[in-house]
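Per-entry structural report
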Amino acid sequence: MKHLISMLDAKDEIYEILDLASELKDKQKKGIMHELLKNKSLGMIFEKSSTRTRVSFEVGMTQLGGHALYLSPKDLQMGRGETISDTAKVLSRFVDCIMYRAFEHKVMLELANNATVPVINGLDNIEHPCQIMADLLTIKEKKKDFNKLKLAYVGDGNNVCNSLILGSAIVGMDMSVGCPKGYEPNKEILEKAKNIAKSEIEILENPEDAVKDADVVYTDVWVSMGDEKEKAMREKLFLPYQVNQSLIENAKKDCIVMHCLPAHRGKEITDEVVDGKNSVVFDQAENRLHAQKAIMVKLMSHV
Ligand code: CP
Ligand code: NVA
């Protein structure tokens, strides 16, 4: 793995990354030092807001003995017209890895193509691989084995859904997406996933059918960053796709409920479900730290 732009970049190393994440998590919980990235620096460019990604990367680098820099395009010369390719070349002379949260996937690729250090996709309009690494770690912890599991994603076929489809295909977990017509996941991603998957991938319009007998029920916001202009329309259209108690009753009794957060309570998920006994959303959020530490160690120290 040279960069982590798509879940597919981690296809051949996924179990190594998950095992390393569990090992680093265990060490951190026991207070055992694990400074595997001593004196390394991570540059983090955020074009969009972030709580989890920013804090987990920054704290992760500190725990690994390195250092992270938060870089906002409005303070960088990028905001005044310096090209993304020049920015990539210059940052590569200073830092050991670049994490980028971008509006456009094609700009993400341009940064990666011009950087001489590894680039990590911290979310763009097409994928959110770091989130899905943490999600897979969470599912593995809660359900032990991906085989024979069914994950149901309900809502917008967005970046998180796209990366989940690839992640499920890689680990062999069946996945069912319940979404309105016109809001299906990315076609190319679906094709790529179907090419590698030994598991099932189905796209349905009815949320109850999607959730039927699911082991994992997952949702995300109806209005992603960048989609704000469609807020009123989306909030009406997606209403039948709310993850509430009556919807999760279609899933297995011991299903886990996941959300990448931030949650819009009362919209895509109710308080009752997000705070309910099946919810693992805060364990999932914590796992961003452990999964990303493993990703950074893999990319920066070639372990
Ligand atoms: N889930 C996630 O990426 O959260 P942030 O937007 O807070 O980073
Ligand atoms: N789909 C959401 C995820 C936020 C972590 C967005 O892109 O805004």
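Values in this document were obtained by computation on a predicted structure and should not be read as measured data. (Residues numbered from 1 in each chain as written. Chains lettered and ligands numbered in written order. Predicted model: local features only at pLDDT ≥ 70, side-chain atom pairs only at ≥ 80, totals over all residues. Heavy atoms only, no water.)

With respect to the pairing of strand 1 (residues 41-46)
As a reminder, the rule being used: Classification of residues uses two cut-offs on accessible area relative to the type maximum, computed with a 1.4 Å probe and protein chains only: under 20% is buried, over 50% is exposed, and between them is partly exposed. Counting from the N terminus, the helices are DSSP H or I runs at least four residues long and the strands are E runs at least two residues long. A right-handed crossover is one whose linking path, passing over the helix from the first strand to the second, runs clockwise when the strands point away from the viewer. A pair of strands is treated as paired once DSSP finds two or more bridges between them.
Most of strand 1 is tucked away, with six of its six residues classed as buried. Of the two faces of strand 1, the one carrying S41, G43 and I45 and the one carrying L42, M44 and F46 are both buried. In terms of handedness, the path from strand 1 via helix 2 (residues 52-63) over to strand 2 (residues 67-71) forms a crossover that is right-handed. The pairing of strand 1 with strand 3 (residues 97-101) spans five bridges and is classified as parallel. Residue M44 lies in a different strand from strand 3, and its bridge partner there is M99.

Let's talk about the packing of aromatic side chains
Stated formally: Aromatic rings from Phe, Tyr and Trp, taking only the six-membered ring of Trp, are treated as a pair when their centres fall within 6.5 Å; an angle between ring planes under 30 degrees marks them as stacked, one over 60 as edge-to-face, and anything in between as tilted. Lysine and arginine charges are scored as sitting over a ring when NZ or CZ, respectively, is within 6 Å of the ring centre and within 35 degrees of the ring normal.
Evaluated as defined, the whole model comprises five aromatic pairs. The cationic tip of R54 hangs over the ring face of Y70; the distance from NZ or CZ to the ring centre is 3.7 Å.

With respect to helix 5 (residues 129-143)
This is how it is decided: Given the number of residues in a helix, its expected span is that number minus one, multiplied by 1.5 Å.
With 15 residues, helix 5 ought to run about 21 Å at 1.5 Å a step, and its terminal C-alpha atoms sit 21 Å apart, in line with that. Turning to helix 5, its buried residues number three or more, namely P129, C130, Q131, I132, M133, A134, D135, L136, L137, T138, I139 and K143. The first or second residue beyond helix 5 is K144, which carries a positive phi of 70 degrees.

A short note on unusual backbone geometry
That bond from L261 to P262 is cis: its omega, 10 degrees, falls within 30 degrees of zero. Along the chain, P262 falls in the loop between strand 9 (256-259) and helix 11 (271-274). Its identity as a non-glycine residue notwithstanding, N39 has a phi of 65 degrees, on the positive side. With respect to the helices, strands and loops of the structure, N39 is situated in the loop between helix 1 (14-30) and strand 1.

Digging into the site of ligand 1
As a reminder of what qualifies: Any residue with a non-hydrogen atom lying within 4 Å of a molecule or strand is treated as near it. Polar contact is the term for a pair of N or O atoms within 3.5 Å; when the atoms are in protein, one must be able to donate a hydrogen and the other to accept it, and sequence-neighboring residues count only if both atoms are side-chain atoms. Just so you know the grouping, Ala, Val, Leu, Ile, Met, Phe, Trp, Tyr, Cys and Pro go in nonpolar, Asp, Glu, Lys and Arg go in charged, and all remaining residues, Gly too, go in polar.
Lining the immediate environment of ligand 1, one finds S50, T51, R52, T53, R101, H128, Q131, C260, L261 and R288. S50 places a polar side-chain atom, nitrogen or oxygen, 2.7 Å from an oxygen atom of ligand 1. Contact distances for ligand 1 include 3.0 Å between an oxygen atom and a side-chain N or O atom of R288. Broken down by class, the residue content of the shell around ligand 1 amounts to two nonpolar, five polar and three charged.

A word on the site of ligand 2
Which entries qualify depends on this criterion: The method behind every accessible area is Shrake-Rupley, applied with a 1.4 Å probe, and residues are considered shielded solely by the protein chains displayed.
Within the structure, ligand 2 sits among L123, N158, N159, D220, V221, S224, M225 and L261. Within the side chain of S224, one N or O atom sits 2.8 Å away from a nitrogen atom of ligand 2. Out of a free accessible area of 270 Å², ligand 2 has 95% covered by protein chains. In the shell around ligand 2, the residues fall into four nonpolar, three polar and one charged.

Overview of the environment of N158
Here is the rule: In this description, contact between two residues means that some pair of their heavy atoms is separated by no more than 4.5 Å.
Inspection of the secondary structure puts N158 in the loop between strand 5 (150-154) and helix 6 (159-171). Look at N158 and you get buried, because its relative accessible area is 6%. When the C-alpha positions of N158 and Y100 are compared, they lie 18 Å apart, and in sequence the two are 58 residues distant. If we ignore the near neighbours within four places in the chain, the residues touching N158 are Y153, D220, V221 and S224. Polar contacts involving the side chain of N158 include one to the side chain of Y153, which spans 3.2 Å. One polar contact links N158 to D220, side chain to side chain, over a distance of 2.8 Å.

Points about the side chain of K143
Its place among the elements puts K143 in helix 5. Residues within four places of K143 in sequence aside, it is in contact with L149, D215, D254, C255 and I256.

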